[in-house]
Structures are given as structure tokens and as C-alpha cells.
Amino acid sequence: LQPSTAASPLQLLRRAYLDVIGLPPTEEQIAAFEAKLDQGRLSDDVWRETVDDLLASPHYGEKWARHWLDAARYSDSDGFEKDKPRFVWFYRDWVVRSLNNDKPYDQFLQEQLAGDLMPGRTQDQLVATGFLRNSMINEEGGVDPEQFRMEAMFDRMDAVGKAMLGLTIQCTQCHNHKYDPFTQQEYYQLFSLLNNCDEAQATVYTEAEQTKRTQILKDVAAIEQSLKESHPEWSTSLTSWLNTMPAQSGNWTIMRPELDASGGQKHYLLDDGSILAQGYAPTKHTTEFTADTDLKSLTGFRIELLNDANLPHGGPGRSVDGLCALSEFQVVVTNKSTGKSQNVKLKSATADVNPAERELAAIYGDKSKDRRVTGPVSYAMDGNNLTAWGIDVGGGRSNVPRNAVFVPESPMISDAGFRVTFKLVQMHGGWNSDDNQNNNLGRFRLSVTSDAEPAADLIPAGVRKLAGARDSLRRANLETAFSVWRTTVPEFADANQKIEALWQQHPQGTTQLVLSERVKPRATYLLTRGDFLKPADQVTSGIPEVLNSDHAAIPSNRLELAQWMTRPAAPTTARAIVNRLWQEYFGIGIVRTAEDLGTQGEYPSHPELLDWLAVELREHRWSLKHIHRLILTSATWRQSSVVSAELLTRDPENRLLARGPRQRVSGEGVRDIFLTASGLLNRDTGGPSVYPPAPEFLFQPPASYGPKTWALETGANRYRRALYTFRFRSVPYPVLQNFDTPRGDVACVRRTRSNTPLQALTTLNEELFMECSRALGAELAKADGDETKKIQTLMRRCVTRQASTVELGKMRTFLEAQRARFATDAKAAAELAGLPTPSEDSGVRESSAKSNVANQAAWTALARVVLNLDETITKE
């Protein structure tokens, strides 16, 4: 076969725009490109300049991020049952930025596998580990959190195999691979390197929030420094205050209770005696914890709220903000001497935080009309389930350990000790199970004391006992205690008020699913038939022998694994990604089975080319833009896509590359083309996911398991790129689903591409696509110039070319027919154009209005036709 001739300059321009940034060129961009042509001829220098400009566009990262996000199982919800929203757009934006900055691909992989372990790691590197956390999460009632943690682990292994290694390794979860040289033992050795992690949820800030946060902390420090300078005796006074405070730490007996298994929420008793709540999070419930103590008297009960990496924002609560609310703290005590039990009547309570009263808002509206509030700790012992002790004092200070102490009316005495049952009433979550927010305690610890007049500890843990030390640690802890002590000094009132005003401006931040390495290693076992309930022999870390050709040292953690995976001798890492790049340009990879470069995958159509591209990537600092540039400037990619009968017969799929690529763009691309051509596209980049038009019934039962929020956009966010559309796994956005976009359930490195009537019905009738036709039609109807000029504008915006003479004639005829039709049917005209129906009055003004509406409707109809051409949504 002989290569085809080169495509025309404008065909190449449109092809490049769709391939590189996923958007068609605008009229201005087309004109600028044509101005560089030499009598219609395209020089290599001009083409290279065009390619470089596109690769430098901020929209390059948006287009190519979509392909990586498929592999990363990116979605904005948990999956399973209620499919709760998750806030992980920081990871999506990190991918976009990384690609725009041409982050070396080896570093790109390493940060996603082990960014949290990198020395001096940045927020971005921590966010990158969201790749491994994009698995679905199951918080149904009655689930075993460990089972679904293991399911997430299997999913991570699958994603690493497909996305990074280009290999199907999930078979070896249950048995030795039947076709490729991977053993089940090796699978779990590799598994162990990912298994020593907490399912962390970190607080992250946008660049603007980081700037604001830095300034607030700086201003607070300046005010505190001013107080210290004006009161040079502050250190002595603070130390004296610390020494007069009741000694708390050594006089509490930590209870290690029996764990409450009711209500579906799972509790774990940790080594320090604290309790961690995981799995299902009921919106309203009471948990009970019972333990014995040998103390002869009981004078107080303490609850400590503790941070944990497995909680949103690190806790100490389980709400989306890492907060919690304790509606009632109740205690039942059994005297072991007499066997009698009593409900303890509490006389007082103290806490290290007592926020002002705040009314709780329900996501879906509290139909009970109860006024539920959070506030000071006294609300947790007032016998009213509508009030609760809360810990929300604003961003920057709420996600920290807290403690409260409850004192009985009189001490309890028993020579044989006591059996104590703590009842933690938590009624401040969603108003019912549909309102699936929660305000549950996340990690907490229960203690008892026999001390006289016990009280809550007002200063951070560990500060008091170090206050007397004479070293840098003492000074650091005194600095920490200063922020508490100053609030007790009357003459500091004005300064305290200014500081509090600053703290109220502190950004809340966003929670992001990340990984956090455990201090105490978690043992990994080979699982019989992949069943987490059937552990066999314990395994140590390792890697598949066939992927370790240079006999590198065996990785001992995720960071070493990430470095091993991108070593020069790694046989599949570079091949897998260049094959997928090729796939996006030509529709089929050099290896068709992009997810499987193993023996059961298709043999490469051009093995030498695959190897050469992989080496090019490695030898050019793993620059993906280098590979893009090579492909885009190649004669192969620049061929015309016109296919002869002979070529179609001999090579229907173009595997031999004797012509240029031609295929429908991705689902996101279809929508983005319409928005761009219509002039509606909002080109803002990054930020939270948005909610464009979607059928309301989708988010209500029975279409959805429970009601979901879909805050329909009414402003410019309505027209953001499809990349930013909020994605529920259980209720996929219909437009994208109709065009074969994956749901994010599993890693996908090769999309299917279908051609169905539903797709045509979507682009013709879906609300946003109709808005595009109306916007374009209205613009053309009001534009200056003759009809021919307007039609040519329409064609250039939709298909990047001029209309032929025949096409012009057909479109003029169509316009005339539509004007005549709408002139006699004002209602139909107004409906199509999205305008109010003109008055039926026969006056001149009304007649003119009807004519204008009919004209705009005719142009809308024509715009709708051209936008729905196969050519409009096809790259050729």
C-alpha cells in the first residue's frame, strides 16, 4: 500500500484542534491560521508552530486528562447504594495541571503511587495519591468495612495493572495466571506494597485559599507577638497558669469497652483504647459501650474526640467536614458490690470548646420541622435530643482533638468496682435516611476518674506535662499554650476579638481522598481463591519476576515500587502509555488491547514502532508532549482520511496506516463541540464539578436509590466543558452515557465506540444541545452581512470549512422554507427559537416582532441541521 496524500490545511487544523485540545477552532483561530498559509500551502514551519501553540494551550491538559481519568476510575460519587457525593476534584485538576506542565511521565506515575512518601511532599503530591483512592466505597448498613477495603485494594491492583503496566494482573487475585507469567504469590507480594495504608481524607486548599490562609496565620501571629512584647512577663504568667490548672492526664482510667454492633455502624477498638467508627454511618442513632473498672469511686466521665487519618479532614467526626455532634451523653453504672444499676444523673459538664448555638441545616429539608441546634457542652446533658454539643468553631480550628468531662451529682462508691455503660446519643445527622449526611463521632476514647472536681483539659494534650521542661520543646509548647491562655486574660479582650475575627475568615478547605502510610505495618496474606475470609500464608513485599529484568532491589514500600516501575528496564510502562496515545489519535492502538500487552492481547501491528516510541519517551525526559509532537508532525497522521474502495477492502480498520484517522469524537467532545460552535462555551479551567441540565426524575426514587442533589446551574457554569460535569456512578449523566463514556466503576483504558439512534436523538433534542442551536441561530439572525456570509460563518464554526456551491443552494432553500413555515405558525417559531410567542395584534410592531421571531427560528433550524451533521462530531 502507498500512503495517501496529505489532508488539506483546514482539515489538518480541525483534526489537530480536536486531537490536542478537544475543541474545534474558532473563526478567529481559523483566520489567523489561514493568514500564515503561502497561497493556500502549509509549510512545515507553520505547522510545527501551530502544533506547539496547541500543546501550550491550557485546554490541552483538559482534553488529555479525560483519558487518564478513565484509567483512574475518576467519579464524583462513592458508588453502591446511596452513591453519596465525594469531593475529589482536586485530583482531577492535578491531572490537568500535570499534563499542561508536561510533568515527566515517570514522575507523574510516581506521585500517584507514592506522593505522600516523597521527602518534603507538597499538597499536590499528596493529592496525586487520589489515583489509588478513586475506588468505590460501600457504606450500606451492615457491610463489613474490611471486606470493601479489600475490594478497593483489588480495584487498585487492577488500575495499576491496566493504567500503568498495561497488563491484566487481576486474574492472579484467585490463581496463577493461566497465560502470562504471573503467580498468585507475586500478586499478593505486589499487593502488600499497597496494603500498608490508611484510607485518608486530607484537607486541601486552592491556591487562593492557601494565600488567604497564610495571611490569616501571619496576622494572628503578629497580634500575639504584639501581646508578648507589651507583656514581657507573659511566659511567667503562662507557666503559673499551667501549674494551677487541674492535672488531667495521669488521673483518668481509659476504658476498653465491649463494642456496640447495633445500627450497622462498625467500631474498632484501637491500641490506645480509642474507638474508630467506620462503614455505614446512620443519620440518627445511639451507641452503647460497656466496660469494667476497679476504681472504688467514680466522680467523672470523660470523652475525648480524636483525629484519625481515616476520617474526613482527619476528623474527629464523620461528617463531610470531619465534624460531629453529641446530642446526649448518658451513663448507666452497675455497682459490683450490690449488683444494682442506676442511670447517672449529671450535674455539670465542661469542655475545651463551647461554640455558640448554631441551627442545623438539612440537605433535603427537615419535614419534621424540628429546630435542631448545636452549641456548648451543656447541650449534651439537657435531656433534649434537639440540642447537641458541637465542635465547629470555623475553618482551621475545628478538626482538632477535643475533650469533655461530665460530673455526676454525687460520687459513686463500690468496694468491688463498677460496670459502666456509656450511651452516646447522636441525633444530629440528616433528618432521615434519605438526607444522608451524618454528624457522627469518628474516633473517640472514654475514661473514668475518682478525682475530686474533675474538669475538661483546656490546653492541647502534652503541653502541661512539658511546661516545666527546660529545652526547645518547652518553648514550643508554651507557644502553643499561649493561644489558649491569652483568652483568659481580661486585658487581652480587644486583641482576642481581632484574632477571632481573623479565624472566622479562615477557609474551610476541601476534603480529598488520599493515601497515608501506616506507622504500624499491616500484614498481608495470600488469599485462597481471592477470598478475604480465607487467608493462607503471610507474604512479604515483592514484584513479578518477569517485570524485573535488571534484578533491581525488591521494593519495600510504595515509593520504591513507583521508582522500580519507571526504571529504564521496565518492559511495559513506557510501551503502555505510548500505545494509548496512539490509540487516541488513530482510533486503535498499535496493540489493539491497550489494557493487555500480555500473551492474550493482540500482537502489535507495528512492534518496532511501539518500541521506538517507548524509547523516545524515556530518552526525552519522559515528555508526553514530545510524543504528541512527533505524531502530530508525522506524515502518517497528516494523511487524508479519504478511503478508496481498495483500501476499505484490504484494510477496513486502517491498521496499516495508509490513510489518516477518521472517527467520531468522544462523548465529552461531542458536547464541547456544540458549546464551542454556539459561542456558549465557558472556558474557565478547574474547580468543583458542575450541574448542567439533566432530567430531574433521574435523581429521585425509583430511578435513584435515594434522592440526590443536583443543583442545576443557571449561570455560566451551565456551559462548562464536559470534563467538569458532576458524575454520579449510579446515575450517569445521560448525554455522556449515550456516547459511551465509562461510569468510573473500574479502570478503563479503551472506550467502546457505538453508533446508535439515541445519539442523534440526544444532539437533536437534549436541552443543552437545543440551547446551543438557539444561541447560534440567534447570533446569525442578528449578525450583519448577507445570507451567504452568514451561512459560511455557520459552516466554519461547525465544520471548519466553507460551504460548497451545492450546499449553499440547499441551505438557502431550507432557510426560505423555514421562514415561510414559521411566518404562519408563530407558536412553533417561538418554541424553536426559545422566545415568547408574539402578540396576536395585527399592528405593525407586532407584525415586525413575528417576522423577527420567524427569521430567528429559521436560522435556529438551520443551525440545528449543521450542528447535527455527522461531519460536525467527526474527526477526519
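Structure: see above.
Given the structure is predicted, the values throughout are model-derived calculations rather than measurements. (Residues numbered from 1 in each chain as written. Predicted model: local features only at pLDDT ≥ 70, side-chain atom pairs only at ≥ 80, totals over all residues. Heavy atoms only, no water.)

(A) Representation of the sheet that holds strand β17 (residues 418-426). Taken in spatial order, the four strands line up as β5-β17-β9-β10 in an open sheet, and their pairing is antiparallel. One side of each edge strand has no neighbouring strand; the edge strands of this open sheet are β5 (285-293) and β10 (341-343). Averaged over neighbouring strand pairs, the angle between their axes works out to 20° when direction is ignored. Relative to β17, strand β9 (residues 328-335) runs antiparallel, the two being bridged by eight bridges. Within the sheet, the bridge partner assigned to Asn335 lies in β17 and is Phe418. (Pairing = 2+ DSSP bridges. Helix = DSSP H or I, 4+ residues; strand = E, 2+ residues; numbered from the N terminus. Axes fitted to C-alpha atoms, helices over the stretch in contact; angles between N-to-C directions.)

(B) Highlighting unusual backbone geometry. In this structure, the amide linkage connecting Gly315 to the following residue, Pro316, adopts the cis form with an omega of 10°. Along the chain, the position of Pro316 falls in the loop between β7 (300-305) and β8 (325-326). Geometrically, the link from Pro701 to Pro702 is a cis peptide bond, its omega value of 5° lying close to zero. In this structure, Pro702 sits in the loop between α21 (667-678) and α22 (734-738). Phi at Trp622 takes a positive value of approximately 55°, unusual for a residue other than glycine. The buried category is assigned to Trp622, whose relative accessible area is 7%. We note that Leu657 has phi near 60°; this positive angle belongs to a residue other than glycine. Tracing the chain through its elements places Leu657 in the loop between α20 (645-650) and β22 (663-664). (Buried < 20%, exposed > 50% of the residue type's maximum accessible area, 1.4 Å probe, protein only.)

(C) Spatial organisation of the environment of Ala803. Following the sequence through the fold, Ala803 ends up in the loop between α25 (787-799) and α26 (805-823). Residue Ala803 is classed as buried on the basis of its relative accessible area of 10%. Linking Ala803 and Arg443, residues 360 residues apart in sequence, is a C-alpha distance of 67 Å. Dropping the residues within four chain positions of it, Ala803 is found in contact with Gln792, Met795, Leu808 and Met811. (Contact = heavy atoms within 4.5 Å.)

(D) Structural detail: the side chain of Thr676. Note on placement: Thr676 falls in helix α21. Side-chain polar atoms of Thr676 contact the backbone oxygen of Asp672, separated by 2.7 Å. (Polar contact = N/O pair within 3.5 Å; in protein donor to acceptor, adjacent residues only side chain to side chain.)

(E) Spatial organisation of the nonpolar core. Membership of the largest hydrophobic core comes to 142 residues, with the highest contact counts inside it found for Trp68, Tyr91 and Phe131. The greatest single-element share of this core, amounting to nine residues, is contributed by helix α9 (residues 145-165). For Tyr91, the contacting residues outside a window of four places in its chain are Trp68, Leu69, Ala72, Tyr74, Gln112, Val127, Ala128, Gly130, Phe131, Asn134 and Gln512. By size, the runner-up hydrophobic cluster in this structure holds 35 residues, among which are Leu298, Phe301, Phe329 and Ala404. (Core = buried A, V, L, I, M, F, W, Y, C linked by side-chain atoms within 4.5 Å.)

(F) Fine view of the sheet that holds strand β14 (residues 387-390). One open sheet holds the four strands; their spatial order is β8-β14-β13-β12, and the pairing between them is mixed. At either margin of the open sheet sits one strand with a lone partner, and together these are β8 and β12 (358-359). Of the pairings in the sheet, the one linking strand β13 (residues 373-375) to β14 comprises three bridges and is parallel in character. Each bridged residue has a counterpart across the sheet, and for Thr374 the counterpart in β14 is Ala388.

(G) Molecular detail of the pattern of salt bridges. With the rule as written, the count across this model stands at 61 salt bridges. When the shortest N-O distance is used, the salt bridge between Glu49 and Lys36 registers 3.0 Å. With a gap of 13 residues between them, Glu49 in helix α3 (residues 44-55) and Lys36 in the loop between α2 (27-35) and α3 connect regions that are remote in the sequence. Judged by its relative accessible area of 38%, Glu49 falls in the partly exposed class. The partner of Asp272 in a salt bridge is Arg445, and the shortest N-O contact between them spans 3.3 Å. In this pair, Asp272 is assigned in the loop between β3 (265-269) and β4 (275-279) and Arg445 in strand β18 (residues 443-449), connecting sequence segments 173 residues apart. The network of salt bridges with shared partners includes Asp272, Arg302, Glu304, Asp308, Arg443 and Arg445. (Salt bridge = Lys/Arg side-chain N within 4 Å of Asp/Glu carboxyl O.)

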